[in-house]
Amino acid sequence: MSSATKYRFEELAELYKDTLLKNVIPFWEQNSVDWEKGGYFTCLDRSGKIYDTDKFVWLQNRQVWLFSMLYNKLDKRDRWLKIAGNGAKFLAQHGRDPDGNWYFSLTREGNPLVQPYNIFSDCFAAMAFSQYALASGENWAKDIALQAYNNVLRRKENPKGKYNKSYPGTRPMKALAVPMILANLSLEMAWLLQSDTLEEILDATITEVMGDFLDPERGLMLENVAPDGSQVNSFEGRLINPGHGMEAMWFAIDIAQRSENNNLINRSVDVMLNILNFAWDKEYGGLYYFMDINGNPLQQLEWDQKLWWVHLESLVGLVMGYRLTGREECWEWYEKMHDYAWSHFSDMENGEWFGYLNRRGEVLLNLKGGKWKGCFHVPRAMYLCFKEFNNLGTKV
């Protein structure tokens, strides 16, 4: 670490842990748990007031995972296990269709609203029930985790199935989101999988992410490619999602640590640095939500917004990359990202972080949770950054 740094590892570890335990988790504990009907409210305004009671299955499962993970890895607080169980039991009863596919959204009472049109509900169900099974020791939770995971494996070649809007055969494409989340999910499921099965899946996902989706000339992660990994000159084929790229790279680093694969660690760090140099808004700061690899206009009208999760996943990746490589550029970017993220997204007065800023960094939506933002990216990043800085502090 440079002698000119503004931050000490021990102080950063304390910042992330205190924010997690005294600011972020209390916000969700106090405002989101539906003790009457089960599950969680995620549509919360700045102060935590509920403004809609629909329940989105991605976010329900993510909150089960989060409280189970904290119980398993940070502190065995009975309240955390009870909150996780409140969601797990609600989802076990209401979350799936008769064929075992996970719905996208439910009413407050658990009646289905939106069909199971994407496997990401299944992905987060597998993560959630795996952690909850570890926390609770309940065999039924373990069974649900494996059923959801097998759903993901079965559907990964066609994630949306009959709900896919694309005309078959004209321009087939595959998305980075599928292998990147399968890589992370498989690590989550490691205790439930045969070791040879786990290694085979991890190797395949890393090969696909670092081979098919990585532009070899510019070192950037493409969001969509043809099934054979070739690039497609279209809106979708030129799309860069900087947040997905950063998240995918720390997933890759997490896998590489298991086998001390320093080559993969350094390649992943290279890609992160390429993404940051490409996607940083040099006028207003922060990372763009979407970009075109060739600099063409985008079809996503929200392309220039600054989103909470993009910056949080970047913080995780940068501190992880710095701890493992010691590369000065990682630390320089960490400080830059830290200053932007903590000064623009964090709400120390009301708890949690804002999710959506305009390009200038002004709050665009005065909410802490909704259809897409729940109890996941903020607390997960707080926990992971605390852990990374705690480990760095012990090295000094």
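Just so it is clear, the model here is predicted, and its values are computed rather than measured.

Trainee: Please clarify how the packing of helix H1 (residues 9–31) against helix H11 (residues 328–344) should be interpreted in this entry.
Mentor: Packed helix pairs are characterised by how far apart their axes lie and by the angle those axes make with each other. One can describe the packing of H1 onto H11 by two numbers: an axis separation of 14 Å at closest approach and a directional angle of 35°. As for how H1 packs across H11, the hand of that crossing is left-handed. Contacts from Phe9, Leu12, Leu15, Tyr16 and Thr19 of H1 reach H11 at Trp331, Tyr334, His338 and Trp342. Here the contact of H1 with H11 is composed, by residue class, of seven nonpolar, two polar and no charged.

Trainee: Mind showing me how you'd approach the layout of surface pockets here?
Mentor: Empty space among the atoms becomes visible once a probe the size of a water molecule is rolled across them. By volume, the second largest pocket amounts to about 420 Å³. Along the wall of the second largest pocket there are 23 residues; nearest its centre are Lys73, Glu188, Asp254, Leu384 and Lys387. Where the lining of the second largest pocket is concerned, the elements lending two or more residues are helix H2 (57–73), helix H4 (120–136), helix H6 (177–188), helix H8 (242–258), helix H10 (308–325) and helix H12 (377–395). Here the lining of the second largest pocket takes six residues from H12, the largest share from any one element. Of the residues that constitute the lining of the second largest pocket, the class distribution is ten nonpolar, five polar and eight charged.

Trainee: Quick question: what am I supposed to make of the side chain of Thr19 here?
Mentor: Looking at the element boundaries, Thr19 is found in helix H1. If near-sequence neighbours (up to four positions away) are discounted, Thr19 is found in contact with Val24, Trp342, Met348 and Met382.

Trainee: Hey, could you run me through empty space enclosed by the protein in this one?
Mentor: For the coordinates displayed, the defined rule picks out two cavities of 30 Å³ or more. Estimates place the volume of the largest cavity at around 50 Å³. Forming the walls of the largest cavity are Pro179, Met180, Ala183, Thr205, Ile206, Val209, Ala248, Phe251 and Ala252. Those elements giving two or more residues to the lining of the largest cavity turn out to be H6, helix H7 (195–212) and H8. Taken together, the residues that form the lining of the largest cavity break down as eight nonpolar, one polar and no charged. Estimates place the volume of the second largest cavity at around 40 Å³. Lining the second largest cavity are Phe235, Leu239, Asp292, Pro297, Leu298, Gln299 and Gln300. Looking at the lining of the second largest cavity residue by residue, the class counts come to four nonpolar, two polar and one charged.

Trainee: Help me understand the pattern of salt bridges in this model?
Mentor: Pairs may arise between side chains of opposite charge once their charged atoms sit close together. This model, assessed by the stated rule, comprises 26 salt bridges. The salt bridge partner of Asp34 is Lys55, with a shortest N-O separation of 2.8 Å. Residue Asp34 is found in the loop between H1 and strand S1 (43–44), and its partner Lys55 is found in strand S3 (residues 55–56); the two are separated by 21 residues along the sequence. Side by side, Asp34 and Lys55 carry an identical accessibility label, which is buried.

Trainee: I keep staring at the nonpolar core and nothing clicks. Help me out?
Mentor: Soluble globular proteins tend to pack their nonpolar side chains together in the buried interior. Ranked by size, the top nonpolar core spans 140 residues in total, and within it Tyr16, Phe67, Phe129, Met210, Met221, Tyr334 and Phe389 carry the most contacts. For this core, the element with the most residues is H4, which contributes eleven residues.

Trainee: Even after reading the chapter, I still don't get the sheet that holds strand S5 (residues 112–114), so can you show me in this structure?
Mentor: Strand pairing in a sheet takes place through backbone hydrogen bonds and is either antiparallel or parallel in direction. Overall, antiparallel pairing links the three strands, which are arranged S3-S4-S5 in an open sheet. Two strands in the sheet have a free side with no partner beyond their single neighbour: S3 and S5.

Trainee: I keep staring at unusual backbone geometry and nothing clicks. Help me out?
Mentor: In terms of backbone geometry, most residues other than glycine have negative phi values and most peptide bonds are trans. Residue Glu260 is not a glycine yet carries a positive backbone phi of 55°. Here Glu260 is to be found in the loop between H8 and helix H9 (262–279). Its relative accessible area of 66% is what places Glu260 among the exposed residues. Notably, Glu352 is not glycine yet its phi reads approximately 65°, a positive angle. Tracing the backbone through its elements, the reader meets Glu352 in the loop between H11 and strand S11 (356–357). You can call Glu352 buried: its relative accessible area is 0%.

Rules behind the numbers
Residues numbered from 1 in each chain as written. Predicted model: local features only at pLDDT ≥ 70, side-chain atom pairs only at ≥ 80, totals over all residues. Heavy atoms only, no water. Axes fitted to C-alpha atoms, helices over the stretch in contact; angles between N-to-C directions. Helix = DSSP H or I, 4+ residues; strand = E, 2+ residues; numbered from the N terminus. Left-handed = near helix turned anticlockwise from the far one by under 90°. Contact = heavy atoms within 4.5 Å. Nonpolar A, V, L, I, M, F, W, Y, C, P; charged D, E, K, R; others polar. 1 Å grid on protein atoms, 1.4 Å probe; cavity = no way out; pocket = protein on both sides within 12 Å on 5 of 7 lines; lining within 4 Å. Points joined across faces, edges and corners; volume = space filled by probe spheres on them. Salt bridge = Lys/Arg side-chain N within 4 Å of Asp/Glu carboxyl O. Buried < 20%, exposed > 50% of the residue type's maximum accessible area, 1.4 Å probe, protein only. Core = buried A, V, L, I, M, F, W, Y, C linked by side-chain atoms within 4.5 Å. Pairing = 2+ DSSP bridges.

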